[in-house]
Structures are given as C-alpha cells and as structure tokens.
Amino acid sequence: MRQEQALDSGATRPALENPTRRSLLLGSAGAMAAVSLLGFTPLAKASEPKSLPDFAAWKDRNALIVYTANTMETQRGAIGNGVITPTDRLFVRNNLPAPPATIADNPDNWEVRVEGVKNPRTLSVGELKSMGVTTVASLLQCSGNGRAFFPHGASGTPWSVGAAGCVMWTGVPLKDVVDALGGPADGARYITGTGGESIPDGLDPKSIMVERSVPTRALDTALLAWEMNDTPLTHTHGGPLRLVVPGYYGVNNVKYVKHIAFTENQTDAKIQASGYRVREVGKPGSPDQPSMWEMNVKSWVTAPLEAGHSGRNMIYGVAFGGTVALEKVDVSIDGGKTWKQGRFLGPDLGPYAWRPFVMAADLSSGEHRIVSRATDVDGNTQPEGRIENERGYGHNGWSDHGVSVTVS
Amino acid sequence: MRTTAVLVSIAIMGLSALAHADNTELGKEVFTQVAQPSCTICHALSDAGSAGAIGPDLDELKPSRDQVINAVTQGVGVMPAFETSLSAEQIEALADYILSVTTNAN
C-alpha cells in the first residue's frame, strides 16, 4: 500500500515536484502490480476530515486546515478583511503537547521565575497585573508560513499562508517587570524564555524543551501577556501567561512561560541552537546561522482566490512589515507585469499589526494571476522569488504567494 | 511450463511475504526497544501500545515509507536523527512495520 501513501501525500503537498518523490511513485508501480496479483485491490485512502484535538475543540473547524493535533492553519479564505483575527480562527502551532487545560483555571496563580536581573524573583500573574499593563496589536506568524511553496519538500508542516493572524495582546511590559527587579544583570545580551510544558522521562529535556533566546533589543517591546483579544488567554494559545515579542516569529512567543532569564548567551536547547536556523538546503542547523527572530515584510491576497466575475472586482489582502511600519502595498492582476497601489483598509494599529488592503480592479474574462507586494517605511520590499533554505523559513516572495483566478 | 511458472511465482511471493513478516517483527522491536530514545516515548501507535504525544500520532499521520525513512535517518524538527544509532536495515524494517500497521489493508 506504499504507493497510496505516496500519492496521497503528493496530492496535498507541492513537494510532488521533488524528484525523489517522483521516482518513488514510479518505483511503486511494480509493488502495486504485485499486490493486484495477490487479489487485493488497492483503494485510494479516503481523506478523512480530521477533528479538532481536545485542547482546541472550541476553535472554528471550518476556518481551519487541521494537519495534526498540534498544527492547524487558518484557511486562506477565512482570513477575512478585518485587522484583528477572531480568536477561534487563529492558527495553532504547539511545539510540544499543551499542558492540561486546568492550568488556566486560576490564571492569577501561575508563577514565572525571573532571573538574570539584579533582584531575581518568582512572580504570580496576580502580582504582574499590579506592576503595569499595556495592549499591543501584533501579528503572530509561524517561521515556516509559506513552506508549502518550497519545491524541495522542506520537512515540517506544509503551511501555505494561514499560519498567521493579527491579535491584541494585553499584559505587563517586560521592561516594567525588569525595572522593578533592579534591571538586567551586567553583560546580559539575550532574553531567554522557557515554556511550562512537561517533558516525558527518557528524553534529554534540552532536545525538545521550548526555550528561546531573543536579543535584549526586544526588551523595548516584549510583554508578558495574559489576555488575547480582550479575553483571558486560553491554554490553547499559551495561557495563563505568554511571552510576546512583537514583530518576532511565533516560536519566540513562548507559551505557558514559567521562566525568564537575562543571559549572556543564547540557550543551548535544541530549538534555539539548531532549530529555527536559516541555512542552505541539505545542511544541518547550527548556532552560527541566522535565527528566526524579526519577521520580514510580506503580503498576500485573501480574495478572490479562485473565481471572479468579469467587471469590477474588489481584491482584498493583508500586508505587514514585521517590526517596521508599512509604506504601501502594490497589487498586480497580470502576474507582476504592471502594478497599482492598493488602499489600506481599517485603522492602523501600529507597526506590529498587519494592514488589510483592498484594490478595485476591472477583470476581463480569462485567467488572472493576482499578486501583491508590500514595502515598509525603510524601503524594504518583498522579493519576487524565494530564498531557498532547508526548512522553508521566512518565505516572503510575492510570486509564490499570488493566486490564479478564473474570471467568467 | 505455465503451471511451473505460476507455482514458482507463488513460491517466490510466499517467501517474500515471510521475509516481510520477519522484517515487521524486527521493525516492531526497533520501535519499542532498540531505538534510543524509544519511539514509544514520543509517538502514539496502537499496534505498539504506545501513547507518546510529543511527536505525531502515527495511526493518524499514516506516514509514507520515505517519510519514515527520512525522519528516522535525518531527524525532523525536535526529532533526533537515528542515522548513527540504527542500521539501514533496522530503519527499513521500522518503516515496513509502521506502514504495515497504519495502512488500511482492506
């Protein structure tokens, strides 16, 4: 039955173009013949709709593509044109199984230990709430959002565009906490956050623990958040307490954060040392390669996705600059030959939020390749192509992110 | 002649089926005992009685043979590479085993 598996995975993954995969498909023709001789009829495996895992059972199933219990992507067509992504549509990506839901029952009791400061302390969420509060709109995006477009079959979840959403985070500025504890210790260069997931016996904790280091420049904006979109942060998304680093890729926003340290060096946990590192295809990850920290400028169209009507169409999309405010977004209905500037839609919620955009276009009958290209205020703009890399990280090329729309 | 050919091919198929059975037994042993850390710590697989939840549930994921071989050989994400600790034969047996218990045979 090998061939069915290969065909099935090929149908849902652009990696079908991978030559290794293709030869595997050819090679299994013989196996299929042998199976038929024995009287078994190979049946195509039915694509069973996966149900939501218990810890995310409250999410909107129809708005999500469910890959595994820990990986769910927002459907491109469910992104909509609002600035804020509804919580039940937001993607989910957990590196480890979530702790039991009961940890969020009494959120004020959750404790976080803060070290690498002049006066290290353990603080409860209840105490944090009296130290300061801020609300920031920030895009949450997985490092591998866009991985599906890499032709080499990068390992990992084949996210298309929906491993991203823009939400409001409410919590205490990390700087307020650190100031109250006497400031960072001398020589601190990184903020290292550790998640509270439990790790099974028999494994080296460093090999799987979620512990990430970000440069101390993030202290200006980082917060310890207990609310998302004005409601208590669910354990599905990291509650009772999550380290939020606006403008940084999702993995740095440590869920169930139980330990924050100001450190001279980056953690040697695998997720930091060799994971989330950008390198050439075929190379292993290592600490000397760029880490997935600040997000780059990016955009994509959210409607129409497949079909349009001839005449005036409203083309919608979302655009963001990572840690830099956006200057503009251009839209092309001819695959990038000619461009026209789109209009930002809705309020500007700051540099870390995305900007929905819209552009009215007259579409003639036939096939249109609709693409978008964002530019930030520093002049960074999306490239046309992708930067090939082993794990398919950080893809912001405008060409792959376009849509082919048939107009009738 | 034709009868002989049919008999021979049945015999060959029988042998290969036997060899395959041995392979899946070895694969199960690799899954539950030989690999360190054990596959069972991180992966749910009902045939092996494991309920690990760190990595994908293999009954649900139903990985292809090359997915198993690539993941086990090179590692994926937090999953370590077993290239140096398992032989190619052990990794292939493991893939055969996982396929044999996660693929619908009917």
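Residues numbered from 1 in each chain as written. Chains lettered and ligands numbered in written order. Predicted model: local features only at pLDDT ≥ 70, side-chain atom pairs only at ≥ 80, totals over all residues.

J.: Please provide a residue-by-residue account of the sheet that holds strand 17 (residues 326–332) of chain A, values included.
T.: What holds strands together in a sheet is hydrogen bonding between their backbones, with the strands either parallel or antiparallel. Residue and element names in this part refer to chain A. The strand order across the open sheet built from five strands is 15-22-21-17-18, with neighbouring strands paired in mixed fashion. Of all the strands in the sheet, just strand 15 (307–308) and strand 18 (340–341) have a single pairing partner and so form its edges. Note: strand 21 (residues 366–376) against strand 22 (residues 403–407), five bridges, orientation antiparallel. Directly across from Glu-367, in strand 22, lies its bridge partner Thr-406. (Pairing = 2+ DSSP bridges. Helix = DSSP H or I, 4+ residues; strand = E, 2+ residues; numbered from the N terminus.)

J.: If you had to explain the sheet that holds strand 3 (residues 92–93) of chain A to someone new, which residues and values would you point to?
T.: Residue and element names in this part refer to chain A. Reading across from one edge, 1-2-3 is the order of the three strands in this open sheet, with antiparallel pairing throughout. A strand with exactly one partner marks an edge of an open sheet, and here the two such strands are strand 1 (64–68) and strand 3. As defined by bridge partners, strand 1 adjoins strand 2 (residues 71–74) across four bridges and the pair is classed as antiparallel. The residue of strand 2 that forms the bridge with Val-66 is Met-72.

J.: Tell me about the environment of Thr-134 of chain A, residues and numbers included.
T.: Here Thr-134 of chain A shows up in strand 6 (residues 134–141). Excluding its chain neighbours within four sequence positions, the residues that come into contact with Thr-134 of chain A are Pro-173 and Leu-223 of chain A. (Contact = placed C-beta atoms within 7 Å.)

J.: Could you give an account of the UniProt feature "domain: Cytochrome c" (unreviewed entry) in chain B, with specific residues and numbers?
T.: UniProt annotation of "domain: Cytochrome c" (unreviewed entry) refers to residues 22–102 of chain B when read in the numbering used here. The span residues 22–102 of chain B is 57% helix and 5% strand, and its two end C-alpha atoms sit 17 Å from each other. (UniProt positions renumbered as here; feature names shortened; annotations may be inferred.)

J.: Help me get a handle on the nonpolar core, residues and values and all.
T.: Within the largest apolar cluster, 117 residues are counted, with the highest numbers of intra-cluster contacts made by Leu-223 and Leu-224 of chain A together with Leu-94 of chain B. Top contributing element to this core by residue count: helix 5 (residues 88–102) of chain B, with seven residues. Among residues more than four places away in sequence, those in contact with Leu-224 of chain A are Val-112, Leu-128, Gly-171, Val-172, Leu-174, Val-177, Leu-241, Leu-243 and Val-257 of chain A. (Core = buried A, V, L, I, M, F, W, Y, C linked by C-beta atoms within 7 Å. Buried ≥ 20, exposed ≤ 12 C-beta atoms within 10 Å, placed from the backbone.)

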